[in-house]
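Remarks on the overall topology
The lines below spell out each chain.
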Amino acid sequence: MKGSRILIVEDERITALDIKYRLEDSGYVVTGIASSGKAAIESAEETKPDLVLMDIMIEGDMDGAQAALHVHDRFRIPVIFLTAYADEDTLRKAKIAEPFGYILKPFEDKDLQTNIEITLYKHRVEQELREKEAWVSAILKNMADAVIATDVSGTIRHMNPTAEILTGWKESDAVGKSLWGIFRISTVNGEMITDLVPKVLENGVFKGGDNEDLFLSREHIKVPVSITGTSIKNDRNEMIGIVYVFADVTAQKQEKEDLLNAKLSAEAANNSKSEFLANMSHELRTPLTSIIGFSDILLEETFGEINEKQHKYLQNVSSSGKHLLDLINSILDLSKVEAGKMQISYEYFNVSDVISEINAIAVPLALKKNISLDIRIDPMMNNIKADKLKFRQIMYNLTSNAIKFANHRGHVSIEGSLSGNLAQFRVKDDGIGISKTDQPNIFNPFTQADSSGARRYEGTGLGLALVKKFVELHGGHVWVESEPGKGSVFSFIIPYDGVPTSEKQMTDKTQDAFL
């Protein structure tokens, strides 16, 4: 390589200068000329040449072979020996220095240049290989997973520190031994797996521990492990060895077991809660029904006239009872859904008919606040397949909610349209709106955006929770778009034909439908 830096070690001054000029004429840079072994070492340390041309037979206490050995060991600089003659003992010592080449004196420029270029290339390749080996060695030593490498016969060639810890064997003791003697793997039933090597030789890979429990036996202790065995191939695609990577999965197994136990405990607690709510709701509904019934009978004056104050009090009793009964029914519905006992009763019906019923109930509520109601339902939605009662409750909860939070003399709209096999509905108000931080929680039971004791709007926080549950029972999706002071839009989609859609498909279709 032109521009490479070369140190000349030659005790004959004329010969050294001749080599210097020939090298410079060929485009190399001569970093110096040394006439002794000691001077060669000092110059190599100071100038850091790319290559040393070393005469084997130099004067002094240190010959070229000894000097080259120092240069090679201390500085990793390649050496080419120059020699006109040398005895067998000198040549033997020269080999210990691992020279990259020999050039016999006298030599031609072409021979010198060829030897230098080959040496520089070979040294660069070996240096890159050493760097790669250093990288691999560092990675293996610091891997959290254990690694064992074998040849194709299953004889161990390498173990990293983690493998030493898990197997209880030092690498120095394990190398040269059979994998079977060090790496003893068994199933949960205690059956030993003896075909780790054949499986990799046959299939190129072995993977264990995902679908079955495997254990590493060590000093009468069984450690749960996951294992992957992979073939090692050369550049001719020939298998030359196997590498096994394995890890102690005790913590993962315990975490998985803890999560399962926590899930079972949570499900049991939730079922107990739902069962308690259902029982309590039933116990409360019976006396409430009587209270409401007798209050209404008294209000009808069937058993005699009542004065104005009595009439007012009885109306309070009746309306409060009905409000409490609605709350209990909502709790009961929610507990049934969470317990998995809520059933969907599909039937065909006309959406406009149901919305008309909702409108008849909602108009008196809207008139109290001078709110205008705008209803736009696609006339094609005349044969939807869904649970009519639950659909009515969804629409009523969203509509009454919109009226509750709309501005005085404000506006509420109800829209329904078709998109493919999806029925889309939007209930919009122009009221107080909902902040981004509150939006993720508004569909949770007993949650309201304003949960302070001085909140302006009454409610239990069950209406939207039931909306979400009922929509999802239909295989649909519900969401809200809102900004504080700019109102809210509650939207949901359900399959028009009653055929549930996967969550991903539903999300994709939702995005497509409202782009």
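Right, let's walk through the structure included here. (Residues numbered from 1 in each chain as written. Predicted model: local features only at pLDDT ≥ 70, side-chain atom pairs only at ≥ 80, totals over all residues. Heavy atoms only, no water.)

**Looking at the overall build of the chain**
From N to C terminus, the chain includes 15 helices and 20 strands. Out of the 515 residues belonging to the chain, those deemed buried represent 38%. By sequence separation, contacts in the chain at least 24 residues apart represent 62% of the contacts at least 6 residues apart. When the accessible surface of the chain is split by element, carbon and sulfur atoms take 53% of a total near 29,200 Å². (Helix = DSSP H or I, 4+ residues; strand = E, 2+ residues; numbered from the N terminus. Buried < 20%, exposed > 50% of the residue type's maximum accessible area, 1.4 Å probe, protein only. Contact = heavy atoms within 4.5 Å. Areas by Shrake-Rupley, 256 points an atom, 1.4 Å probe, with all protein chains shown as cover.)

**Brief notes about unusual backbone geometry**
With phi around 50 degrees, Lys-48 is a residue other than glycine that occupies positive phi space. Locating Lys-48 in the fold gives a position in the loop between helix H2 (37-47) and strand S3 (51-55). Not every positive phi belongs to a glycine, and Asn-237 is a case in point at roughly 65 degrees. In this fold, Asn-237 is placed in the loop between strand S12 (221-233) and strand S13 (239-248). Using a relative accessible area of 56% as the deciding quantity, one classes Asn-237 as exposed.

**A look at the pattern of salt bridges**
Counted under the stated rule, the structure contains 17 salt bridges. Of the charged contacts, one joins Arg-22 and Asp-18 as a salt bridge, the two residues approaching to 3.1 Å between their closest N and O atoms. A residue pair is termed a helical-turn pair when its members lie 3 or 4 positions apart in one helix, as Arg-22 and Asp-18 do in helix H1 (residues 13-25) at four residues. Owing to a relative accessible area of 18%, Arg-22 belongs among the buried residues under this scheme. Overall, the relative accessible area of 35% leaves Asp-18 in the partly exposed class. In this structure, Arg-74 and Glu-45 form a salt bridge, with 3.6 Å as the shortest nitrogen-oxygen distance. Here the residue Arg-74 occupies a position in helix H3 (residues 64-75), and Glu-45 occupies one in helix H2, the gap between them amounting to 29 residues. A single salt-bridge network, built from bridges that share partners, covers Asp-374, Arg-376, Glu-415 and Arg-426. (Salt bridge = Lys/Arg side-chain N within 4 Å of Asp/Glu carboxyl O.)

**Concerning the environment of Ala-34**
Considering the arrangement of structural elements, one finds Ala-34 in strand S2 (residues 29-34). For Ala-34, a relative accessible area of 3% puts it in the buried group. The spatial distance from the C-alpha of Ala-34 to the C-alpha of Glu-12 is 10.0 Å, given a sequence separation of 22 residues. Ala-34 has contacts with Ile-8, Val-9, Glu-10, Ala-39 and Ala-40, leaving out every residue within four places of it along the chain.

**Some thoughts on the packing of aromatic side chains**
A complete count under the given rule lists seven aromatic pairs for this structure. Ring geometry for Phe-183 and Phe-246: centres 4.5 Å apart, planes at 45 degrees, overall tilted. With Phe-183 in the loop between helix H8 (179-182) and strand S8 (185-187) and Phe-246 in strand S13, this residue pair connects regions lying 63 residues apart in the sequence. Like Phe-246, Phe-183 is buried. One aromatic cluster in this structure is built from Phe-349, Phe-391, Phe-425 and Phe-492. Its guanidinium or amino end placed over the ring of Phe-470, Lys-390 lies 5.9 Å from that ring's centre, counting from NZ or CZ. (Phe/Tyr/Trp six-rings, centres within 6.5 Å; stacked < 30°, edge-to-face > 60°. Lys NZ or Arg CZ within 6 Å of the ring centre and 35° of its normal.)

**Quick notes on the side chain of His-123**
Mapping His-123 onto the fold places it in helix H5 (residues 109-142). With relative accessibility at 11%, the residue His-123 sits in the buried group. Residues within four places of His-123 in sequence aside, it is in contact with Arg-76, Pro-78, Phe-100 and Arg-130.

**A few points about the sheet that holds S3**
Taken in spatial order, the five strands line up as S2-S1-S3-S4-S5 in an open sheet, and their pairing is parallel. Edge strands, defined here as strands with exactly one partner in the open sheet, are S2 and strand S5 (101-104). Averaged over neighbouring strand pairs, the angle between their axes works out to 20 degrees when direction is ignored. One ladder, built from four bridges, connects S3 with strand S4 (residues 79-83); its direction is parallel. (Pairing = 2+ DSSP bridges. Axes fitted to C-alpha atoms, helices over the stretch in contact; angles between N-to-C directions.)

**Concerning the environment of Val-245**
Note that Val-245 resides in strand S13. Sequence spacing of Val-245 and Lys-207 is 38 residues, and the spatial spacing of their C-alpha atoms is 9.7 Å. Every residue in contact with Val-245, bar those within four places of it in the chain, is listed here: Met-143, Asp-145, Ala-146, Val-147, Ser-226, Ile-227 and Thr-228.

**Describing the pairing of S13**
Bridge analysis of strand S6 (residues 146-150) against S13 gives five bridges, and the strand direction is antiparallel. By the bridge assignment, Thr-150 is partnered in S13 with Ile-242. Note: S12 against S13, nine bridges, orientation antiparallel. Within S13, the residue paired with Ser-226 across the bridge is Ala-247. Taking the residues between adjacent antiparallel strands as the criterion, S12 and S13 are bridged by five residues, where Asn-237 takes a positive phi near 65 degrees.

**Points about helix H9 (residues 196-203)**
Regarding H9, the residues found buried are Leu-196, Val-197 and Val-200. Projected down its long axis, H9 carries its buried residues within an arc of 100 degrees, all on one side. What points out from H9, more than 90 degrees from its buried face, is the exposed set Glu-202 and Asn-203. On its buried face, H9 is in contact with H8, S8, strand S9 (192-193), strand S10 (205-208), S12 and S13. Looking one or two residues past H9, Gly-204 carries a phi angle of roughly 85 degrees, positive in sign. (Arc of directions from axis to C-beta.)

**A short note on helix H12 (residues 351-368)**
Helix length check: H12 (18 residues) gives 26 Å between terminal C-alpha atoms against 26 Å at 1.5 Å per residue, within 8%. In the structure, H12 departs most strongly from a straight axis at Ala-362, where the bend amounts to approximately 40 degrees and where the proline Pro-364 lies between one and four residues downstream. Those residues of H12 that fall on the buried side of the exposure criterion are Val-351, Val-354, Ile-355, Ile-358, Ala-362 and Ala-366. At the N-terminal end of H12, a side-chain oxygen is found 2.9 Å from the backbone nitrogen of Ser-352, two or three residues along, and the residue is Asn-350. (Expected span 1.5 Å × (residues − 1). Bend = angle between axes of the 7 residues up to and from the residue. Polar contact = N/O pair within 3.5 Å; in protein donor to acceptor, adjacent residues only side chain to side chain.)

**Describing the nonpolar core**
In terms of nonpolar packing, the biggest core is built from 40 residues, with Phe-391, Met-395 and Phe-492 touching the most fellow members. If you list the elements that add at least two residues to this core, you get H12, strand S16 (384-386), helix H13 (388-405), strand S17 (411-419), strand S18 (422-429), helix H14 (463-473), strand S19 (477-482) and strand S20 (488-495). Contact partners of Phe-492, with chain neighbours within four places excluded, come to Phe-391, Ile-394, Met-395, Leu-398, Ala-423, Gln-424, Phe-425, Val-471, His-477, Val-478 and Trp-479. If you look at the next biggest cluster of nonpolar residues, it comprises 24 residues, including Ile-148, Leu-166, Ile-193 and Phe-206. (Core = buried A, V, L, I, M, F, W, Y, C linked by side-chain atoms within 4.5 Å.)

So far we have only geometry, and geometry alone does not tell us how the molecule works.
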